[in-house]
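Observations on the three-dimensional arrangement
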Amino acid sequence: MQASYLAKLKDRATWQRLQKRYPQSKLIGRYYADYLLGSGTLADADRQQLDALVTQFKLDRSRYAPALAPAAPAAPRAQPRKGTYNIGVLLPFELQDNSWQTQRRNQFVTDLYAGLRLAQDSLQRAGHPVQLFAYDTGADTLTLKGVLALPELAGLDLLIGPVYKSGARLLARYAREHQIICINPLSQDADLVADNPYHYLYSPSAATQARAAAQFAAVSFGTGRPAVLLHEDSKDENDFAAAYQAAYEAAGGHITASHAFRPDDPASLSAAFLPAELTGASHVVVASDNRKAGPAAFTALGTVPAASRPALLVPGTWLDNPSLGVGQLGSAGVYYYHPKYFDKNGLGYRRFRQLYLAKQNLPPSVFASQGFELLLFFGNALQQYGPAFQGGLASAPVQPGAIFEGLSYPGGAHDNQAVPLLKLSNLEPQLLR
């Protein structure tokens, strides 16, 4: 009787409950394996489950070999256009933590979401409506796993989030298995989107920033004299350094010295900035957002005679470092790669700021600006290309941003390739690239 009814069972959830309740039943294990075998292409989790059943109950592995073979990367599915699109926003709102009443440590999340909501209003007025469905992923992967188990999530057209790396990997796997594009709003880690047609970074990755900076340096400073490459000893900055050296050397340049440093260790910081290595260099690249790196760099450069002082190429975040003076930041030989640059006097930002003030009664942070730009761009991509917009983005030219300088995902890139480079002229930003 068990065999008769098990052979007819077609409900995945019931199979999973039976397997959990009777983990030692070979009959249930064998029929569950047969069910998985007949389910077509399996997700990674199902394939692992099938392999465990074959091993546990010593089933004929050759029978299940087709289902156990790794699946080829899924091609984006063709999907019909719709009048409105449903978007899931998975962010660590941490609504169960009452510390928000006295602390603002999670303010960046609410700012990001406020920017998304304002972009939703703008899309509605433009006749491109989207619906946002917010989910609190908490600060741990356990909460996120609970969200991903919700059945309605698989019916959404786009996913945005999360912000922590462990959760980003989970959501990337989910997006690939369910063929729903997922946008990471803040990360600069290119490894997160490698070999996954359904995962995008809104921001340029650290490696993309490095390649843009190296191409700019090769043209602006030439390749006749060597460069010095200094970087913080962390994941993003290590990625930046490797990509910068590869791109600069491919352009005909040469890196004469490359050092990693720990900015909170004075000995490590001073050992990286060696005046003897700076003399004769065409430029020095310092990849670090830490506020201690800037003063150390300018101090070291100050020991080099002005006539032979190399140019300095650094992150745009140095412009907000209160430890640096305007005279240093505006020096003739200082240049910035600045993926978050936007013109505060531009019409687009002034209009956004006005709308945000009317809604929130306070000026927008950079996270609010990013949320607004992200949804405006990808909301329009949904309307133009549908939920499987990978091909459309790959062939589209650089799109000017509503606030920021632009967004571009050419040739199948899965992180934004638009990286502004600038310097200060009369203490005003001058866009060079």
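Everything discussed here concerns the structure shown above.
**Quick word on the packing of aromatic side chains**
Centre distance and the angle of the planes are the two values used to describe a pair of aromatic rings. One pass over the structure, following the stated rule, counts 23 aromatic pairs. Between Phe 378 and Phe 389 the ring centres are 5.9 Å apart and the planes differ by 35°, which places this aromatic pair in the tilted class. Separated by 11 residues along the polypeptide, Phe 378 in helix α16 (residues 366-385) and Phe 389 in the loop between α16 and α17 (390-395) bring together distant segments of the chain. Both residues of the pair, Phe 378 and Phe 389, count as buried. An aromatic cluster is defined as three or more aromatic residues linked by ring pairs; in this entry it consists of Phe 342, Tyr 349, Phe 352, Tyr 356, Phe 372 and Phe 404.

**Considering unusual backbone geometry**
The phi angle of most residues is negative, glycine excepted, and most peptide bonds adopt the trans form. Cis geometry is found at the peptide bond from Gly 161 to Pro 162, where omega equals -20°. Summarising the element assignment, Pro 162 is placed in the loop between β3 (158-160) and α8 (165-178). You will see that Asn 361, though not glycine, has its phi angle at about 60°, which is positive. Relative to the helices and strands, Asn 361 is located in the loop between α15 (347-360) and α16. Despite not being glycine, Leu 427 has its phi angle at roughly 65°, a positive value. Looking at where Leu 427 falls in the secondary structure, it is placed in the loop between β11 (421-425) and β12 (428-431).

**With respect to the sheet that holds β12**
As a general point, the strands of a sheet are linked pairwise by backbone hydrogen bonds and lie either parallel or antiparallel. In space, the seven strands of this open sheet follow the order β7-β6-β8-β9-β10-β11-β12, with mixed pairing throughout. The sheet terminates laterally at β7 (255-261) and β12, the two strands that pair on one side only. Strand-to-strand twist across the sheet, computed as the mean angle between neighbouring axes with direction ignored, equals 25°. Relative to β7, strand β6 (residues 227-232) is paired through six bridges, and the arrangement is parallel. By the bridge assignment, His 231 is partnered in β7 with Ala 260. Set on the sheet, helix α13 (residues 293-302) makes contact with β7, β8 (283-287), β9 (311-315) and β10 (334-337); between it and β8 the angle comes to about 165°.

**Description of the environment of Ala 175**
Mapped onto the secondary structure, Ala 175 falls in helix α8. In the structure, Ala 175 is positioned 17 residues away from Leu 158 in sequence and 9.0 Å away in space, judged by C-alpha atoms. Sequence-distant contacts of Ala 175, that is, excluding residues within four places in its chain, are made with Ile 180, Cys 182 and Tyr 198.

**Brief notes about the pairing of strand β1 (residues 85-91)**
Counting buried positions along β1 gives six out of seven residues, so the element sits mostly inside the fold. Of the strand pairs in this sheet, β1 and β3 are connected by three bridges, and their pairing is parallel. Bridge pairing links Gly 88 to Leu 159 in β3.

**Focus: the nonpolar core**
If you look at the biggest cluster of nonpolar residues, it comprises 58 residues, and the most contacted ones within it are Leu 90, Leu 153, Leu 159, Leu 375, Phe 378 and Phe 389. In this structure, Leu 153 is in contact with Leu 90, Tyr 135, Val 147, Leu 148, Leu 159, Tyr 174 and Ile 180, ignoring residues within four places of it in sequence. Residues Ala 272, Leu 278, Ala 281 and Ala 297 belong to the second largest nonpolar core, which totals 28 residues.

**Examining the pairing of β9**
Counting buried positions along β9 yields five of five residues, so the element is predominantly enclosed. Bridge count between β8 and β9: three bridges; the pairing is parallel. The residue of β9 that forms the bridge with Val 284 is Leu 312. A crossover links β8 with its parallel partner β9, the connecting element being α13, and its sense is right-handed. Sheet analysis places β9 next to β10, joined by four bridges and oriented parallel. By the bridge assignment, Val 314 is partnered in β10 with Tyr 336.

Parameters at a glance
Residues numbered from 1 in each chain as written. Predicted model: local features only at pLDDT ≥ 70, side-chain atom pairs only at ≥ 80, totals over all residues. Heavy atoms only, no water. Phe/Tyr/Trp six-rings, centres within 6.5 Å; stacked < 30°, edge-to-face > 60°. Helix = DSSP H or I, 4+ residues; strand = E, 2+ residues; numbered from the N terminus. Buried < 20%, exposed > 50% of the residue type's maximum accessible area, 1.4 Å probe, protein only. Pairing = 2+ DSSP bridges. Axes fitted to C-alpha atoms, helices over the stretch in contact; angles between N-to-C directions. Contact = heavy atoms within 4.5 Å. Core = buried A, V, L, I, M, F, W, Y, C linked by side-chain atoms within 4.5 Å. Right-handed = clockwise from strand over helix to strand, strands pointing away.

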